[in-house]
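Residue strings, one per chain:
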Amino acid sequence: MIQGSLICKEVNSKFRDIISRYEANEKEISTLTGLRNDILHLIESSRFDVQRGFKAYVEIREISQTRRRLKNENRSLKPMYDYLKENAKLLNDIAKIQGDCRKQEE
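Residues numbered from 1 in each chain as written. Predicted model: local features only at pLDDT ≥ 70, side-chain atom pairs only at ≥ 80, totals over all residues. Heavy atoms only, no water.

### So, helix α2 (residues 50-86)
Relative to the 54 Å expected for 37 residues at 1.5 Å per residue, α2 spans 51 Å between its end C-alpha atoms, a close match to the ideal helical length. Along its length, α2 reaches its greatest deviation from straightness, about 50°, at L77, and the proline P79 lies no more than four positions downstream. For α2, the complete set of buried residues consists of A56, V58, I60, I63, R67, L70, N74, L77, Y81 and L84. Packed against the buried residues of α2 are α1 (4-45) and α3 (89-105). (Helix = DSSP H or I, 4+ residues; strand = E, 2+ residues; numbered from the N terminus. Expected span 1.5 Å × (residues − 1). Bend = angle between axes of the 7 residues up to and from the residue. Buried < 20%, exposed > 50% of the residue type's maximum accessible area, 1.4 Å probe, protein only. Contact = heavy atoms within 4.5 Å.)

### Re the packing of α1 against α2
With their axes 8 Å apart at the nearest point, α1 and α2 run at an angle of 150° to one another. One way to sum up the angle between α1 and α2 is to call them roughly antiparallel. The two elements α1 and α2 cross, and the hand of that crossing is left-handed. Looking at the contact of α1 with α2 residue by residue, the classes come out as 18 nonpolar, five polar and eleven charged. (Axes fitted to C-alpha atoms, helices over the stretch in contact; angles between N-to-C directions. Parallel < 35°, antiparallel > 145°, perpendicular 65-115°, else oblique. Left-handed = near helix turned anticlockwise from the far one by under 90°. Nonpolar A, V, L, I, M, F, W, Y, C, P; charged D, E, K, R; others polar.)

### Quick look at α1
The end-to-end C-alpha separation of α1 is 61 Å, in line with the 62 Å expected for 42 residues at 1.5 Å each. Three or more residues of α1 are buried, namely S5, C8, N12, F15, I18, I19, Y22, N25, I29, L32 and I39. Next to the buried residues of α1 lie α2 and α3.

### Describing the packing of aromatic side chains
Applying the stated criterion to the full structure yields two aromatic pairs. Pairing F54 with Y57 gives two aromatic rings, centres 5.7 Å apart and planes at 40°, and the pair type is tilted. With F54 and Y57 both in helix α2 and three residues apart, this pair spans about one turn of that helix. Among the residues examined, Y57 registers a relative accessible area of 43% and is labelled partly exposed. The ring centre of F48 lies 4.5 Å from the NZ or CZ of R52, which sits over that ring. (Phe/Tyr/Trp six-rings, centres within 6.5 Å; stacked < 30°, edge-to-face > 60°. Lys NZ or Arg CZ within 6 Å of the ring centre and 35° of its normal.)

### Thoughts on the pattern of salt bridges
Working definition: two side chains of opposite charge can pair if their charged atoms are close together. This structure, assessed with the given rule, holds five salt bridges. Here E23 makes a salt bridge to K85, at a shortest N to O gap of 3.3 Å. One end of the pair, E23, is in helix α1; the other, K85, is in helix α2, with 62 residues separating them in the sequence. On the accessibility criterion, E23 (31% relative accessible area) is partly exposed. When the shortest N-O distance is used, the salt bridge between D93 and K89 registers 3.1 Å. Here D93 and its partner K89 are both found in helix α3, four residues apart, which amounts to about one turn of the helix. Exposure remark for D93: the relative accessible area of 31% places this residue in the partly exposed category. (Salt bridge = Lys/Arg side-chain N within 4 Å of Asp/Glu carboxyl O.)

Take it as geometry only, folks, not as evidence of what the structure does.
Here it is, written out as structure tokens:
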């Protein structure tokens, strides 16, 4: 038997996960951008031998790849994130419906 309260709980949880994931990604993107800029400034103002230059290249590449993955994920989440932020009442409504369903199930 399908329980409406469990479905509401799962939907509400998924919606909240979208919001928190998007916002966590934004923070991480900002952090990675800062790290990448720090390395670029270091390169700009320092002399590097081949070994240190290659190490900086690898760090920038890894940071950039991670940053790109997060940006791509956020690009996919953004329409839903924007909708949920603009309609925050929806999450409260789903929680209320969940309670109503639970009462009927009992």
